[in-house]
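Working through the structure, step by step
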Amino acid sequence: MAEHPLSLSPADWEVRARSRRLPAWRGRQIYAALHAQRIETWEQAAHLPAGLRRELSGEWPVIAPEVEHAYASTDGTVRYLLRLADGAEIEAVYLPLEEFEAGGRRRARRHTFCISSQAGCAVGCRFCLTAQLGLERNLAAGEIVAQVYLLLRRHGLHPGAGGDRLNLVYMGMGEPLLNYAAVMASAGRLTEAGGLELPPRRMTLSTAGIVDKIRQLGGESPRPRLAISLHASTDELRERLVPLHRGQGGLEALLRAAREYPLAPRERLTFEYVLLGGVNDSLQDARRLARLLAGMRAKVNLIPWNAGPGLAFEAPPPERVREFQAQLNAGGLPAWIRHPRGQDIYAACGQLARAAAPGGIAASGDRPLPAAATAIPAQPLRDTL
Ligand code: SAH
Ligand code: SF4
């Protein structure tokens, strides 16, 4: 795969400019067109000479992914099916959240972008729809960045200005720590001066638990916040749910890496725990989990399981979710319930599975959407939201 133009840093562009016998500032101009102006096509970089624009579009014809479908949920969530230059398909999800001051006055809007790091996923967690696709390929750093810019454009957002606050979660398709270099490069592009300049604390990376990469991540700067998908409080159960568990040294190695992870002053680790009815949702599970995480600067996000075709699990009853949360709190562990967003359009956690599976499941775009969901045309949404 050819390199993606959004993968390159300002220094990379300076080198590219010099190799074309152009001054270094031209390179920085190209970088600014891509990351400050956030062009979708080279024609939009009006301040670059026409000849250079032609050369650049010859070398890098595609900057932005193509939007194949956008599905809007009744709760404001929008799921995008995106086609990359080589035809690989991924998904990105936009989740808006209004914030109100006491008295009901609108204060600011918080927006979360959930982006993919791989097309498909190789990890094979039993309860996750993406797992059924297998891994098609890693994304380039620029393909990860391009999802963010696309969502910004479509929703008319300018983070930092006018109170728009953006949170970015690497929680779409794929296991980000199995595409480590590209994921870290994408975090570099999104946080560095001259681009979007997203504060690193606004980014969270969720991993199924790749122990040596968790350790490596702890040493990076800038780095996203870390969320570990735990889902079980015994080795036996975690091995069944997350097939790579045993090869990573079990709970002992994973939790040791978590305890030794260097946290910034107000940083906390997040543990995600998908609640599977009758599998890992007993109060005994909750007590064991609280003991395992005792003394850590951590919180738990409880995610009631979201259904997917062909997956033989059940969501726990709502009162069980609340009891589980209360049990963790009683054990001294802060725990939150992540209410599903965009379930009606298959945008909730673990429901992303658009890419065609070889001989596999029906792709989500082909799944009938419930009546409440609207398939909206592939065009900017600003006026429709
Ligand atoms: N691969 C990474 C990040 C993507 S998945 C990881 O596993 O952490 C994001 C979160 O959704 C993970 O915590 C994952 O366990 C959870 N998830 C997967 N399938 C789910 C489902 N069907 N219902 C609820 N959460 C699910
Ligand atoms: Fe991959 Fe995460 Fe799904 Fe597991 S839960 S299969 S790691 S995307």
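Residues numbered from 1 in each chain as written. Chains lettered and ligands numbered in written order. Predicted model: local features only at pLDDT ≥ 70, side-chain atom pairs only at ≥ 80, totals over all residues. Heavy atoms only, no water.

In terms of burial, strand β7 (residues 165-170) is a largely internal element, five of the six residues being buried. One ladder, built from three bridges, connects β7 with strand β8 (residues 203-207); its direction is parallel. Across the sheet, Leu-168 pairs through a bridge with Met-203, a residue of β8. Following the backbone out of β7, through helix α5 (residues 180-191) and into the adjacent parallel β8, one traces a crossover that is right-handed. (Buried < 20%, exposed > 50% of the residue type's maximum accessible area, 1.4 Å probe, protein only. Helix = DSSP H or I, 4+ residues; strand = E, 2+ residues; numbered from the N terminus. Pairing = 2+ DSSP bridges. Right-handed = clockwise from strand over helix to strand, strands pointing away.)

Right, let's get into the packing of helix α6 (residues 211-218) against helix α8 (residues 250-259). Remark: α6 packs on α8, axes separated minimally by 9 Å, with the N-to-C direction vectors making an angle of 5 degrees. Taken together, the axis directions place α6 and α8 in an arrangement best described as roughly parallel. Along the contact surface, α6 presents Val-211, Ile-214 and Arg-215, while α8 presents Ala-253, Leu-254, Arg-256 and Ala-257. Tallied by class, the residues present in the contact of α6 with α8 amount to five nonpolar, no polar and two charged. (Axes fitted to C-alpha atoms, helices over the stretch in contact; angles between N-to-C directions. Parallel < 35°, antiparallel > 145°, perpendicular 65-115°, else oblique. Contact = heavy atoms within 4.5 Å. Nonpolar A, V, L, I, M, F, W, Y, C, P; charged D, E, K, R; others polar.)

In the predicted model, the protein chain carries a mean pLDDT of 89, and the fraction of residues at 70 or more is 87%. Contacts from residues 355-385, a stretch scored under 50 in pLDDT, to residues over four places away or in other chains number 65 contacts. (pLDDT = per-residue confidence, 0-100.)

Considering all chains together, one arrives at 21 salt bridges under this definition. A salt bridge links Glu-14 to Arg-18, with the shortest nitrogen-to-oxygen separation between them at 3.7 Å. Of the two residues, Glu-14 and Arg-18 are both situated in helix α1 (residues 10-19); the distance of four residues between them amounts to about one turn of the helix. With a shortest N-O distance of 2.4 Å, Arg-20 and Glu-59 are connected by a salt bridge. Note that Arg-20 is positioned in the loop between α1 and α2 (24-35) and Glu-59 in helix α3 (residues 50-59), a separation of 39 residues in sequence. Taken together, the salt bridges that share partners define one network made up of Glu-14, Arg-18 and Arg-28. (Salt bridge = Lys/Arg side-chain N within 4 Å of Asp/Glu carboxyl O.)

Okay, the side chain of Thr-77 next. Structurally, the position occupied by Thr-77 is in the loop between β1 (66-72) and β2 (78-83). For Thr-77, a relative accessible area of 0% translates into the label buried. In this structure the side chain of Thr-77 is engaged in a polar contact, spanning 2.7 Å, whose partner is the side chain of Asp-75. The residues contacting Thr-77, other than those within four sequence positions of it, are Tyr-71, Ala-72, Val-93, Tyr-94, Leu-95, Pro-96, Arg-341, Gly-342, Ile-345 and Ala-347. (Polar contact = N/O pair within 3.5 Å; in protein donor to acceptor, adjacent residues only side chain to side chain.)

A few words now on the environment of Val-242. Examined against the element boundaries, Val-242 turns out to sit in the loop between α7 (235-241) and α8. Val-242 gets classed as buried once you look at its relative accessible area, which sits at 1%. Those residues in contact with Val-242, other than ones at most four positions away along the chain, are Val-123, Cys-125, Ala-208 and His-231.

Bringing the site of ligand 1 into the picture now. Residues in contact with ligand 1 amount to 18 residues; listed here are only the nearest, Gly-174, Ser-206, Ser-229, His-231 and Asn-306. Of all the secondary-structure elements, those providing two or more residues to the shell around ligand 1 are β8 and β10 (269-275). Classifying every residue of the shell around ligand 1 by side-chain character gives eight nonpolar, eight polar and two charged. (Near = heavy atom within 4 Å.)

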